[in-house]
Amino acid sequence: MASSTVRPEDRDRLDEHDVARRLLASSARLSYDPATEVDWDTPLDKDFHGASPEWSTLYGTAYWNELTDAQRKELTRQEAASVAATGIWFEMILQQMVLRDIYTTDATDPRFQWALTEIADECRHSIMFARGAAKLGAPAYRPRRAVVELGRAFKTLAFGEAAYAAILVAEEVLDVMQRDWMRDERVAPFVRTINNIHVVEESRHMKFARDETRRRLRSAGPVRRQLNAFVIAVASYFIVTSMVNREVYANAGLDTRRALAEAGANEHHKSLMRSSCSGLMEFLASARLLTRPALALYKRANLI
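Let us look at the structure shown here. Just so we're clear, the structure is a prediction, and the values are computed from it rather than from any experiment.

**Focus on the packing of helix α9 (residues 222-241) against helix α14 (residues 292-300)**
In a packed pair of helices, the relevant descriptors are the angle between the two axes and the axis-to-axis distance.
Now for step 1: Running from amino to carboxyl end, α9 crosses α14 at an angle of 10°, the nearest separation of the two axes being 8 Å. Viewed along their axes, α9 and α14 adopt a mutual orientation that is roughly parallel. Across from A229, F230, I232, A233, V234, S236 and Y237 in α9, the residues of α14 making contact are P293, A294, L297, Y298 and R300.

**Section: helix α7 (residues 160-183)**
Now for step 1: Here α7 contains 24 residues, and its C-alpha end-to-end distance of 35 Å stays within 8% of the 34 Å for a straight helix at 1.5 Å per residue.
Now for step 2: Along α7, 20 of the 24 residues are buried, which leaves the element largely enclosed by surrounding structure.

**Overview of the layout of surface pockets**
Now for step 1: Approximately 870 Å³ is the volume attributed to the largest pocket.
Now for step 2: What lines the largest pocket is a set of 36 residues, and nearest its centre among them are T57, V240, T241, S242 and V244.
Now for step 3: Per-element accounting of the lining of the largest pocket gives the leading share, seven residues, to helix α4 (residues 69-101).
Now for step 4: Taken together, the residues that form the lining of the largest pocket break down as 18 nonpolar, 12 polar and six charged.
Now for step 5: One number sums up the size of the second largest pocket: a volume of about 410 Å³.
Now for step 6: Considering the residues around the second largest pocket, the lining is formed by 22 residues, among which A85, I88, W89, M92 and R142 are closest to the centre.
Now for step 7: A breakdown of the residues in the lining of the second largest pocket according to their chemical character gives 17 nonpolar, two polar and three charged.

**Structural notes on empty space enclosed by the protein**
Now for step 1: Following the criterion strictly, the structure yields two cavities of 30 Å³ or more and no others.
Now for step 2: Counting residues per element, the lining of the largest cavity draws most heavily on α4, which supplies five residues.
Now for step 3: Here the residues of the lining of the largest cavity are counted per class, giving 13 nonpolar, five polar and no charged.
Now for step 4: Empty space within the second largest cavity amounts to approximately 100 Å³.

**Re helix α13 (residues 278-286)**
Now for step 1: Taken together, the buried positions of α13 are occupied by L280, M281, F283 and L284. Projected down its long axis, α13 shows its buried positions confined to an angular sector of 155°, all on one face. In this structure, α13 carries E282 and S286 as exposed residues pointing more than 90 degrees from its buried face.
Now for step 2: Each element contacted by the buried residues of α13 is listed here: α7, α8 (189-217) and α14.
Now for step 3: One or two residues past the end of α13 sits R288, with phi positive at roughly 60°.

**Overview of the packing of α4 against α7**
Now for step 1: Remark: α4 packs on α7, axes separated minimally by 11 Å, with the N-to-C direction vectors making an angle of 150°. What the angle tells us is that α4 and α7 run roughly antiparallel. Pair α4 / α7 crosses with left-handed handedness. Residues A80, V83, G87, F90, L94, M97, V98 and D101 of α4 form the contact with α7, whose participating residues are A163, Y164, A166, I167, A170, E171, L174, M177 and W181.

**Quick notes on the pattern of salt bridges**
Now for step 1: Inspection of every chain in the model, using the stated rule, returns 21 salt bridges.
Now for step 2: Among the salt bridges present, the one from E201 reaches R124, with a minimum N-O distance of 3.7 Å. On the criterion of sequence distance, the pair formed by E201 in helix α8 and R124 in helix α5 (residues 110-135) is long-range, its members being 77 residues apart.
Now for step 3: Of the residues examined, R124 reaches a relative accessible area of 26% and is grouped as partly exposed.
Now for step 4: When salt bridges with common partners are traced through the structure, they connect D101, E212, R215 and R216 into a single cluster.

**What to know about the side chain of R204**
Now for step 1: The topology assignment puts R204 in helix α8.
Now for step 2: Look at R204: it is buried, it has no salt bridge, and the nearest opposite charge is E201 at 4.4 Å.
Now for step 3: For R204, the side chain forms a polar contact with the main-chain oxygen of L30, separated by 2.8 Å.
Now for step 4: Beyond its immediate chain neighbours, meaning those up to four positions away, R204 contacts L23, S26, S27, L30, S31, W114 and D121.

**What about the packing of aromatic side chains?**
Now for step 1: Applying the stated rule across the entire model yields five aromatic pairs.
Now for step 2: With a centroid separation of 6.0 Å and an interplanar angle of 85°, the aromatic rings of Y164 and F208 are classed as edge-to-face. A residue pair is termed long-range when its members are at least 10 positions apart, and Y164 in helix α7 and F208 in helix α8 qualify at 44 residues.
Now for step 3: On the accessibility criterion, F208 (5% relative accessible area) is buried.
Now for step 4: For the ring pair Y237 and F238, a centre distance of 5.2 Å and an interplane angle of 85° mean the geometry is edge-to-face.
Now for step 5: Classification of Y237 by relative accessible area gives buried; the value is 17%.
Now for step 6: For F238, a relative accessible area of 22% puts it in the partly exposed group.

Analysis parameters
- Residues numbered from 1 in each chain as written.
- Predicted model: local features only at pLDDT ≥ 70, side-chain atom pairs only at ≥ 80, totals over all residues.
- Heavy atoms only, no water.
- Axes fitted to C-alpha atoms, helices over the stretch in contact; angles between N-to-C directions.
- Helix = DSSP H or I, 4+ residues; strand = E, 2+ residues; numbered from the N terminus.
- Parallel < 35°, antiparallel > 145°, perpendicular 65-115°, else oblique.
- Contact = heavy atoms within 4.5 Å.
- Expected span 1.5 Å × (residues − 1).
- Buried < 20%, exposed > 50% of the residue type's maximum accessible area, 1.4 Å probe, protein only.
- 1 Å grid on protein atoms, 1.4 Å probe; cavity = no way out; pocket = protein on both sides within 12 Å on 5 of 7 lines; lining within 4 Å.
- Points joined across faces, edges and corners; volume = space filled by probe spheres on them.
- Nonpolar A, V, L, I, M, F, W, Y, C, P; charged D, E, K, R; others polar.
- Arc of directions from axis to C-beta.
- Left-handed = near helix turned anticlockwise from the far one by under 90°.
- Salt bridge = Lys/Arg side-chain N within 4 Å of Asp/Glu carboxyl O.
- Lys, Arg positive; Asp, Glu negative; His and termini not counted.
- Polar contact = N/O pair within 3.5 Å; in protein donor to acceptor, adjacent residues only side chain to side chain.
- Phe/Tyr/Trp six-rings, centres within 6.5 Å; stacked < 30°, edge-to-face > 60°.

As C-alpha cells, this is what we get:
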C-alpha cells in the first residue's frame, strides 16, 4: 500500500507535466505559419479599418464625430499598428524572462519543452506583427524611452509569479480586443487573419501563465506576495498605457493635442478596457494579488 501512495508534491509535479504535455500536443495539432497563412502580397485596401472602430481611443468623442470615414479608418490602422508594436516590445521581454527562467531546468521536463515552444510562437508573432504594421503603413512605434528602460530592468529582475502574471496581463488584454477585431468584417482581412492566429496560439500561453503563477505562489509568503502584486501592477500599468502611441494621431492627420485630451477623457474606451479585463481581475483576486497599492494602479490604468 505504501508504495502506491503518491505524495502531494509528486502529484502536483505529475499534474504540471500533464498540462505541459497537453499544451505541446495542442501546439502540434493547431499552429500556424504566418509567412504562408497571412496574405502579405495583396496591396492594402484603405476601405478597411485596422481595428474595430469601437476600440479606437477616440470612438464616441466629439472629435470622432467630426472625422471623415477615411480619417477614422486611417486612425484605426495607426492604432492597430501601435498595439502591434507594443506587443512586439513585450513579447521580446517575455522571451527573455522565460529563457532565463528555464536556463537550468531539466531539458527532459515537458514544461521546459513547452517553454521553448512558447518562445518559438512568440518569435513568429513578433515577425507577424512587424510585417502587419508595415503593411498598415505605420512607422515603428515604440514606448517612451523611460518605459523602454523600465522594461529592460523588468526583464532582468522579474522572476516567478511576477514574470508570469505580467505575461498573463499583456496577453489577456490583447486577447479580448483581438477576438473582436478578428470577427469584424470592417477590419482588413489580413489583420483579421493575424488576430485569429494570435488568439488561437496565445490561448495556450495564457493557460501556461496562469498555471505557473499559481504554482510559484504556493511558496510565497505575505511579504513576497505584497511586493510582487505591486510589481505586476506596475508592469501592467505601463503595458496598457503604452498600447496607443501619441504619435498615431499626427500620423493619421489629426490634431495631437486635441486628440490626446479627448482620448484621455473618453469614458467609452475606459469602460471597454474595464469590461475586457474582468476575467483577468478575477484571476488576480483569486491569487490574492489585488492588494490595495496594486488596485490603485489598476484603477489608474482603467483596468478595474
